[in-house]
Amino acid sequence: MKLRTLGLVLAVPLLGACKDVNNPDLNNPIIPETGVFENPSRTTVQQLAIGIIIGSRTDQAAHIRDLSIIGRDLYNLDNADPRWVTELLGNSDFDPGGFGGGHWLPRYRNVRTANILLNSLATASTEVFTSEEISAAEGFAKTFKAFDLYHVWETREALGIPVEVGTTVDDLQPILCSDAALGAIAGLLDEAVADLDAGGDDFPFTLPPGFASFNTPETFRELNRALRGKVAVYQRQFTTALTALGQSFLNTSAPLEEGAYFDYGIGAGDTPNPIFQSLNTFRAHPSWAANAQAGDDRLAKIGTGTNRVASSDPIVQSNRTILNYPTATSQIPLITNKELILLRAQARIGANDLVGAASDINFIRLNDGGLAPVALVTADAAITELLRQKRYSLFLESGSRWVDHRFYGRLGSIAVESASYEVHQTYPIPQDEVLARGGTASCQ
Amino acid sequence: LLLVFAGTSAQAQAERRVTGQVTGAGTNEPLPGTSVTVVGTALGTYTDDAGRFALQVPSGAVTLRFRRLGYRSVDRALTPDIAEVNVSLERDVLQLETQVVTGEATSVARRNVANDVAVVSAQELDRAPTPTIENALQGKVAGAYIQANSGAPGGGMQVQLRGVTTINASVDPLYVIDGVIVSNEAVAPNTNAITEASGGANPSLTQDNAVNRIADLNPADIERIEILKGASASAIYGSKAANGVVIITTKQGVAGRPQFNVTQRFGTFDLANKFGSRTWTLEDATDTFGPEVAPMVQNGIIDLEEELFGENPLSYETDLSVRGGSNTTRYFVSGLIKEDGGIMEGTGYKKQSLRLNLTQNFGSRITANIGTNLVHANTRRGVTNNDNAGVSHYMVLPFTPSFVDLEPTDGVYPANPFERSNPLQTRDLVKSDEDVYRFIGSASLRWDVITSERQTLAFTIQGGLDQFTQRNDVFSPPEVQFETDDGFLGTSVRGDATNINSNFSINAAHTFIPASGAFTATTSAGIQRDRTTLTAVTTIAEDLFAGQRNVDLAGRVDPAETRQKISGLAFYAQEEFLTLGERLLLTAGARAERSTNNGDIDKFYFFPKASASYRIPEPASFLNELKLRAAVGQSGNQPLYGMKFTTFEPANILGQLGLAIGTNSVRGNPEIKPERQTEIEIGFDAELFQQRASLNFSVYQKSISDLILQRTVAPSTGFGVELFNGAELRNRGVEVALALTPILRQDFDWVSRVTFARNVSEVTDLPVPAFETGGFGTDLGAFRIEEGRSATQIVGNTEEGETIEIGDAAPDFQMSFSNEISFGNFRVYGLLDWKKGGDVINLTKLLYDFGANTPDFGGDDSEGSRRLTSWLSGNTAEYVEDASYLKLREVTVGYTLPQSFVSRIFPSQTRAVRLEVSGRNLYTWTDYTGVDPEVSNFGNQAIARNIDVAPYPPSRSFFFTASVDF
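Residues numbered from 1 in each chain as written. Chains lettered and ligands numbered in written order. Predicted model: local features only at pLDDT ≥ 70, side-chain atom pairs only at ≥ 80, totals over all residues. Heavy atoms only, no water.

*Asks:* Explain the overall build of chain A to me, please; I cannot follow it from the model alone.
*Replies:* Check the secondary structure of chain A and you find 15 helices and eight strands. Based on the C-alpha atoms only, the size of chain A along its principal axes is roughly 105 × 55 × 45 Å. Burial analysis of chain A (444 residues in total) assigns 59% to the buried set. Sequence separation of at least 24 residues holds for 72% of the intrachain contacts in chain A that already meet a minimum separation of 6. (Helix = DSSP H or I, 4+ residues; strand = E, 2+ residues; numbered from the N terminus. Buried < 20%, exposed > 50% of the residue type's maximum accessible area, 1.4 Å probe, protein only. Contact = heavy atoms within 4.5 Å.)

*Asks:* Looking at this structure, I do not really get the overall build of chain B. What am I missing?
*Replies:* Summing up its helical and strand segments, chain B has 13 helices and 50 strands in all. The globule rule puts the C-alpha radius of gyration for 966 residues at 30 Å, and the 30 Å found for chain B is close to it. When the backbone C-alpha atoms are referred to their principal axes, chain B occupies close to 105 × 70 × 55 Å. For chain B, the residues scored as buried account for 59% of the 966 residues in total. A separation threshold of at least 6 residues defines the contact pool for chain B, and within that pool the share at least 24 residues apart is 70%. Accessible surface, chain B as shown: approximately 35,000 Å² in total, 56% of it carbon and sulfur. (Rg over C-alpha atoms; globule rule 2.2 N^0.38 Å. Areas by Shrake-Rupley, 256 points an atom, 1.4 Å probe, with all protein chains shown as cover.)

*Asks:* Explanation requested: the pairing of strand β5 (residues 62-67) of chain B in the structure shown.
*Replies:* Taken residue by residue, a regular strand's side chains alternate between the two faces of the sheet. All names here are of chain B. Sheet topology places strand β2 (residues 35-38) next to β5; four bridges connect them, and they run antiparallel. Its bridge partner being in β5, T37 is matched across the sheet by R65. The sheet contact formed by β5 and strand β6 (residues 74-78) spans five bridges and is antiparallel. Within β6, the position partnered with R65 by the bridge is D75. Hairpin connection between β5 and β6: a loop of six residues separates the two successive antiparallel strands, and G70 in this loop has a positive phi of roughly 90°. (Pairing = 2+ DSSP bridges.)

*Asks:* Would you mind going over the sheet that holds strand β10 (residues 118-121) of chain B with me for this structure?
*Replies:* Adjacent strands of a sheet form backbone hydrogen bonds with each other and so pair up, either parallel or antiparallel. Residue and element names in this part refer to chain B. One open sheet holds the five strands; their spatial order is β10-β15-β16-β13-β14, and the pairing between them is mixed. Only two strands of the sheet have a single partner each, and these edge strands are β10 and β14 (180-182). Averaged over all pairs of adjacent strands, the angle between their axes in this sheet comes to 25°, without regard to strand direction. With six bridges joining them, strand β15 (residues 222-228) and strand β16 (residues 245-250) adopt antiparallel strand pairing. Across the sheet, E226 pairs through a bridge with I247, a residue of β16. (Axes fitted to C-alpha atoms, helices over the stretch in contact; angles between N-to-C directions.)

*Asks:* Can you help me understand the side chain of R401(A) in this one?
*Replies:* All names here are of chain A. Relative to the helices and strands, R401 is located in helix α14 (residues 400-407). For the buried R401, no salt bridge is present, and the opposite-charge side chain at shortest range is D73, 4.3 Å distant. Among the polar contacts made by the side chain of R401, one reaches the main-chain carbonyl oxygen of G71 at a distance of 2.7 Å. In this structure R401 touches G71, R72, D73, R391 and I414, once residues within four positions along its chain are discounted. (Lys, Arg positive; Asp, Glu negative; His and termini not counted. Salt bridge = Lys/Arg side-chain N within 4 Å of Asp/Glu carboxyl O. Polar contact = N/O pair within 3.5 Å; in protein donor to acceptor, adjacent residues only side chain to side chain.)

*Asks:* What is the right way to look at unusual backbone geometry in this model?
*Replies:* Trans is the common state for peptide bonds, and a negative phi is the common state for residues other than glycine. Residue and element names in this part refer to chain B. We note that N385 has phi near 75°; this positive angle belongs to a residue other than glycine. Along the polypeptide, N385 turns up in the loop between β21 (366-380) and α9 (393-396). The phi dihedral of D706 is positive, around 55°, even though this residue is not glycine. Following the sequence through the fold, D706 ends up in the loop between β34 (693-705) and β35 (707-712).

*Asks:* Would you mind showing me how to read the interface of chain B and chain A here?
*Replies:* How big an interface is tends to be stated in terms of the accessible area lost upon association of its parts. Counting residues at the interface gives 63 residues for chain B and 67 residues for chain A. Summed over both partners, the interface of chain B with chain A comes to about 5,700 Å²; 64% of that surface belongs to carbon and sulfur atoms. Looking at the side of chain B facing chain A, the largest losses of area belong to F648(B), I653(B) and L659(B), adding up to 12% of the total buried there. Where chain B touches chain A, the interface holds two salt bridges. For R711(B), the salt bridge goes to D170(A), with nearest N and O atoms at 3.3 Å. Summed over the shared surface of chain B and chain A, the result is 17 residue pairs in polar contact (both at pLDDT 80 or more). Listing elements by their share of the side of chain B that touches chain A, those giving two or more residues are α1 (2-6), β24 (491-512), β25 (519-544), β26 (554-579), β30 (648-653), β31 (656-661) and β35 of chain B. Broken down by element, the side of chain B that touches chain A gets its largest block of residues, twelve residues, from β26(B). (Buried area = accessible area lost by both parts, 1.4 Å probe.)

*Asks:* Would you take a moment to explain the sheet that holds strand β32 (residues 666-667) of chain B for this structure?
*Replies:* The strand order across the open sheet built from three strands is β32-β36-β35 (chain B), with neighbouring strands paired in mixed fashion. Either end of the sheet is taken by a strand with one partner, and the two such strands are β32 and β35 of chain B.

*Asks:* Honestly, the nonpolar core in this entry has me stumped. Any pointers?
*Replies:* Considering soluble globular proteins, one finds that nonpolar side chains tend to be buried as a cluster. Of all hydrophobic cores here, the largest spans 136 residues; its most connected members are F140(A), F144(A), I161(A), I185(A) and F220(A). Ignoring anything within four residues of it in the chain, the contact list for I185(A) reads A146(A), L149(A), Y150(A), W153(A), I161(A) and V231(A). Judged by nonpolar contacts, the second largest core, of 61 residues, contains W280(B), I343(B), I794(B) and V880(B). (Core = buried A, V, L, I, M, F, W, Y, C linked by side-chain atoms within 4.5 Å.)

*Asks:* So what exactly am I meant to see when it comes to the packing of helix α6 (residues 178-197) of chain A against helix α7 (residues 217-234) of chain A here?
*Replies:* Packed helices, taken two at a time, are described by their axes: the angle between them and the distance between them. Residues and elements named next belong to chain A. One can describe the packing of α6 onto α7 by two numbers: an axis separation of 10 Å at closest approach and a directional angle of 165°. When the interaxial angle is binned, α6 and α7 end up roughly antiparallel. Crossing angle aside, the handedness with which α6 passes α7 is left-handed. Judged by residue contacts, L182, I185, A186, L189, D190, A192, V193, L196 and D197 of α6 engage P217, F220, R221, N224, R225, L227, R228, V231 and Y234 from α7. (Parallel < 35°, antiparallel > 145°, perpendicular 65-115°, else oblique. Left-handed = near helix turned anticlockwise from the far one by under 90°.)

*Asks:* Help me understand the state of the cysteines, please; the structure alone is not making it clear to me.
*Replies:* Where two cysteines share a covalent bond between their sulfur atoms, that bond is called a disulfide. Residues and elements named next belong to chain A. Tallying each qualifying case throughout the model produces one disulfide over all chains. Two residues, C177 and C443, share a disulfide whose sulfurs are 1.9 Å apart. Handedness here is read from the sign of the S-S torsion; for C177 and C443, about 90°, the answer is right-handed. Placement of the pair is C177 in the loop between β3 (175-176) and α6 and C443 in the segment after α15 (431-436), with a sequence separation of 266 residues. Overall, C177 belongs to the partly exposed group, its relative accessible area being 24%. (Disulfide = S-S within 2.5 Å.)

*Asks:* Where do I start with the side chain of S421(B) in this structure?
*Replies:* Assignment of secondary structure puts S421(B) in the loop between α9 and α10 (423-429). Judged by relative accessible area, S421(B) falls into the buried class, the value being 0%.

*Asks:* Explanation requested: a nonpolar patch on the surface in the structure shown.
*Replies:* Residues and elements named next belong to chain B. A cluster of nonpolar side chains, I821, F823, F826, V828 and V893, forms an exposed patch at the surface whose accessible area comes to about 430 Å². By the element assignment, V893 lies in strand β47 (residues 885-896). Here V893 falls in the partly exposed class, since its relative accessible area comes to 40%. (Patch = residues over 30% accessible without salt bridge, like charges linked within 9 Å, V, L, I, M, F, W, Y side chains within 5 Å.)

*Asks:* Would you explain empty space enclosed by the protein in this entry?
*Replies:* To find the voids left in a structure, one rolls a probe of water-molecule size over its atoms. Residue and element names in this part refer to chain B. Taken as a whole and assessed by the stated rule, the structure comprises 15 cavities of 30 Å³ or more. Estimates place the volume of the largest cavity at around 560 Å³. Lining the largest cavity are 37 residues, and of these L94, R110, N696, A737 and R753 lie nearest its centre. Looking at the lining of the largest cavity residue by residue, the class counts come to 16 nonpolar, eight polar and 13 charged. Estimated volume of the second largest cavity: approximately 300 Å³. Broken down by secondary-structure element, the contributors of at least two residues to the lining of the second largest cavity are β37 (728-744), β38 (748-765) and β43 (813-823). Per-element tally for the lining of the second largest cavity: the top contributor is β38, with five residues. The residue inventory of the lining of the second largest cavity, partitioned by class, reads eleven nonpolar, ten polar and four charged. (1 Å grid on protein atoms, 1.4 Å probe; cavity = no way out; pocket = protein on both sides within 12 Å on 5 of 7 lines; lining within 4 Å. Points joined across faces, edges and corners; volume = space filled by probe spheres on them. Nonpolar A, V, L, I, M, F, W, Y, C, P; charged D, E, K, R; others polar.)

*Asks:* Would you mind going over α7(A) with me for this structure?
*Replies:* Three- or four-residue spacings in an α-helix give side chains the same orientation, since the helix completes a turn every 3.6 residues. Relative to the 26 Å expected for 18 residues at 1.5 Å per residue, α7(A) spans 26 Å between its end C-alpha atoms, a close match to the ideal helical length. Downstream of α7(A) by a residue or two, R236(A) has a phi angle that is positive, lying close to 60°. (Expected span 1.5 Å × (residues − 1).)

*Asks:* Would you mind going over the environment of A241(A) with me for this structure?
*Replies:* All names here are of chain A. Structurally, A241 is set in helix α8 (residues 238-246). Expressed as a C-alpha distance, the spacing of A241 and Q346, which sit 105 residues apart in the sequence, is 9.6 Å. Residues within four places of A241 in sequence aside, it is in contact with G229, A232, V233 and A347.

Set out below in structure tokens:
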């Protein structure tokens with residue numbers, strides 16, 4: 001009897017302790033297997049919205065850096081990795097498994113995040129959100145999705161890009177050729193506008209300071225239209241572009257730097273400005289200063305410092321330091337008023353309004369560069385001057401020099417270091433993407 | 001099962017009493033604790049303090065078996081009329097007679113066991129002073145590949161048993177001490193915060209030269225170590241046992257008056273090998289660095305390596321132990337105080353350990369055991385290994401020509417004009433200190449429910465706890481030269497980690513012997529629960545006040561926390577069937593186990609095993625016994641914590657929280673399950689020449705299926721990789737252990753041992769394209785997993801731009817040779833450890849070549865210049881070197897003072913006084929051109945060991961030991 005009791009005493013606590021709890025991950029919030037937060041809370045929607053901005057921010061500085069290197073505005077003379085010179089400047093193959101595979105995954109990752117928000121909003125309860133708020137949030141998510149996809153397009157252009165992310169890792173979406181891809185991005189932006197218009201007075205979330213001018217559905221619409229105008233320019237739909245830009249925050253009476261910005265911080269869990277963190281190895285391309293017009297105020301964006309020489313080839317060297325981003329918390333723009341004015345000039349050239357274009361270009365020359373106006377009588381001259389103004393006004397704020405030279409078929413006019421260098425036409429489709437698609441990744 | 005037997009109780013059916021005494025042959029000293037059993041029954045007892053026993057035996061003729069650790073067993077047949085028997089036992093120098101653990105609650109004589117279980121005794125571990133326990137195992141176990149990750153004081157070693165068993169899951173064997181599953185976690189100190197060896201938002205800290213925590217044990221506490229090398233032996237340990245199991249038994253008390261031992265050691269460490277550097281002529285120097293260096297060249301040659309690593313620190317170790325007790329209460333208490341100096345000033349290793357093991361009998365049926373061990377370890381290792389910030393010494397020396405004078409004047413260190421840091425300043429000011437407090441406690445209660453002539457039944461309840469807290473302080477003050485680089489002056493890193501392992505089991509073991517005595521059937525079964533929790537908090541503070549290191553006094557503070565919580569539940573059952581006059585042993589068992597690391601936490605995974613061995617006595621005149629054995633079994637390797645999850649990576653923008661998908665882009669797998677290893681082992685053990693020699697031979701095949709892999713997915717899905725169970729990998733190998741006693745006399749022994757092991761791995765099935773799993777890319781040499789190839793192949797580029805196999809990290813074979821000669825009061829012992837083949841990627845040399853500073857670097861026609869040019873034109877193989885070595889691991893010369901002398905000088909209770917001079921890693925013969933062919937920049941690795949990037953250089957040690965027993 002005593003033994004039986006003892007046996008029970010021993011067995012009971014052991015069996016009682018045998019239940020295991022299926023704990024969620026202790027270190028990170030879980031992504032639901034379905035990709036949907038059913039009936040999401042306001043907090044979840046708030047955090048997903050910020051998550052989308054973080055996701056876009058993740059690749060933005062690198063995008064600007066790499067496109068500026070290819071477009072010969074910038075060198076990254078980091079001897080720990082010679083590929084900044086060899087691969088990006090076209091001195092060796094653009095490796096689809098190396099640097100050439102960049103600016104793809106981070107953007108699609110964020111499209112997935114945007115889809116999580118969109119799919120979750122579809123299940124949102126009207127007890128928690130008004131239908132206006134749901135609509136506003138959808139407009140926000142779609143606008144950012146289009147923003148990310150547009151940046152992938154900038155790098156791949158004619159090769160095409162997928163414009164959606166599938167539900168599973170085996171659900172591969174078709175690669176759309178350049179026009180179709182831009183069309184889909186434009187469509188997404190237009191859908192977003194409809195959502196924003198039905199979005200009432202407020203977003204169901206608070207946006208960071210960089211979006212202070214766009215923190216209601218109504219004002220965010222102006223940001224959406226700004227992006228739509230940019231996309232339409234590259235679609236060569238110049239009338240559409242001018243209409244969209246007209247509905248954007250383009251304003252020749254407002255400061256040129258007015259716009260939407262990514263914020264950076266040095267707090268725990270935040271990201272310091274990555275360009276600021278690389279200023280040791282970043283140097284302006286020697287041609288940036290050399291080709292500037294005398295007296296251009298924008299030359300203040302660079303200084304003179306230690307000369308850095310590429311370990312792989314001493315022909316690649318520069319002592320012109322970057323002064324654009326002076327602190328770890330300097331903001332990096334998504335799009336600004338001055339870019340919109342230049343985009344309007346670009347659209348006007350396309351629409352054969354050279355007078356209008358010249359007025360916009362000269363506005364920038366005067367107000368950003370402190371330069372006297374120039375007469376632009378031919379479209380060709382207007383394009384040349386437009387490219388110059390974009391180069392100096394948007395220095396390290398976009399990858400526009402490369403994108404625009406390609407747009408105008410002028411990549412050949414970008415001076416390269418020697419005969420063994422070239423300006424890439426596009427980034428290749430990443431090796432992993434090609435392999436996952438069975439070896440071919442042509443667009444349709 | 002519990003309740004079936006709980007109601008019964010039986011009495012031994014004894015009808016007469018036999019008494020006697022057991023002594024050691026030659027010495028006539030009584031042998032307490034000798035087991036005396038009646039062959040063919042479950043009856044038995046142990047001898048007391050005076051070696052005496054009394055046992056009730058059945059009437060009629062019986063055979064008594066006398067068995068004691070370290071002695072050969074003796075069977076003595078007694079006619080019905082004999083009631084008194086005295087036995088003397090011969091020493092078992094080759095350990096042919098020991099018992100070997102075969103399950104959670106059972107053991108069997110080594111002569112019967114069906115696996116090649118390596119047993120290392122206290123004497124073998126104690127031959128030369130050792131910093132940590134793994135050092136003392138090097139070269140002693142066939143099939144164990146034990147390698148140091150660097151020469152830094154205080155451990156950091158990998159034990160790999162029978163080849164590569166995984167790619168992405170746990171790489172370490174399971175360590176079990178007195179029934180407690182103990183942690184061998186390596187918590188990184190986060191020197192990465194200053195070295196930037198790994199970048200990104202969530203850097204991997206594998207290059208931090210972390211210590212894996214098995215280093216905390218006090219080797220002097222260990223009675224014996226048994227090593228189960230693969231699944232065929234370890235199946236009963238289930239899904240943590242795929243890398244083998246190291247079962248450590250600590251010393252226990254013995255009945256008798258207190259026996260004290262005091263051992264005092266003094267010694268030192270000495271730099272074993274230097275890389276060397278180029279001797280610069282004035283012309284070479286000015287050609288390379290410009291005319292402005294001409295005045296510096298006047299300094300002549302300043303050997304910075306010697307300056308940095310040339311210390312010969314006084315090191316010491318004090319061991320004190322006492323064991324004793326009565327027949328009902330026995331104890332073992334030990335204490336250790338140890339300090340190993342580092343060959344670099346400011347580095348070193350200190351350890352203090354206290355152990356109490358207590359055994360208490362409650363009547364004749366219940367025995368309780370309690371073991372407690374408290375350890376403090378303090379490690380100061382400085383900053384070594386790969387870095388991208390110009391911190392690590394061997395990252396700076398390659399670019400610092402020998403004519404630069406970096407000595408401080410008036411406390412001010414000159415800036416190194418050639419690199420980002422002055423190594424002397426870094427040595428003096430940059431610290432990486434680690435403090436570990438650890439408690440390992442175990443308790444067990446054994447209840448002998450039935451002890452009769454025909455059957456025994458015992459329950460054992462066992463519980464254990466292993467807890468450590470580890471504190472890391474990495475500090476680089478603002479004035480250090482490289483601190484100006486990132487805009488934030490000064491870095492202080494504070495890490496606090498707590499790990500708790502606990503496990504609890506209930507085991508039952510039943511033996512049954514029929515009246516005929518035809519067989520012994522041992523049935524065991526049990527249930528085991530285990531839990532692990534790990535919490536690690538790290539705070540990185542940058543931008544510091546002069547002289548301040550508190551993490552709140554900083555311009556930028558970045559905290560991080562990671563947690564793990566794992567629990568598992570297992571059931572096992574095993575049947576051992578010993579028959580045909582104890583010649584045939586058949587074993588079958590299985591374990592079913594679940595774990596919260598698996599995708600399905602409720603699913604039990606089943607790991608079976610079966611084995612057979614048969615002893616053939618006297619098959620030939622020179623062959624005393626031949627045992628043929630075969631075993632097959634399965635074990636598992638659990639997914640790591642978190643592999644089943646797909647997660648966001650929370651971040652914020654100016655304090656606003658955001659959920660973004662993690663930048664590691666990993667798609668977790670909710671169906672992830674353990675890897676499964678199937679091992680077949682076949683072999684024989686022979687005892688030759690009147691037990692003067694033994695030979696063990698084994699061949700094995702380990703096949704691992706369901707390997708956890710990362711599948712690269714289309715990045716347009718928003719994920720980079722997905723985890724899944726796929727691939728298969730196979731190891732085949734052969735192991736031979738030969739032990740000889742060419743001379744075995746009262747005053748002259750010679751014991752000689754040779755081991756040989758060869759293992760060949762192959763990736764037999766890979767459902768994904770070949771991929772790299774370590775290294776810095778194919779231009780610098782990388783490990784590639786590829787179907788049909790060795791799992792440890794190293795690939796690199798060629799001048800033609802192809803990527804091909806250019807080496808293999810796995811050795812062709814390993815051998816070791818040890819000899820111990822005892823002559824009168826003298827004892828001489830030596831151990832040679834030979835690794836043939838196995839390549840190392842020598843990136844330290846590439847760095848020296850980059851700096852044009854390798855000893856063989858000179859003009860354009862020098863070997864160094866040719867090598868670098870060849871590499872620059874694409875030839876990776878230049879820096880992949882054969883790392884064969886022959887190391888003189890241990891040497892000891894000992895002298896036991898004559899008893900007559902001892903009794904004259906020392907107090908009368910003194911039993912023995914020994915003096916020893918010993919050394920470890922005294923000499924290395926190798927063609928490898930780095931500082932040490934034993935190296936791993938990435939610490940313990942499944943595959944990607946053998947990458948040499950700026951390691952802490954190796955040292956040899958010399959110790960003088962005085963040991964007194966009283």
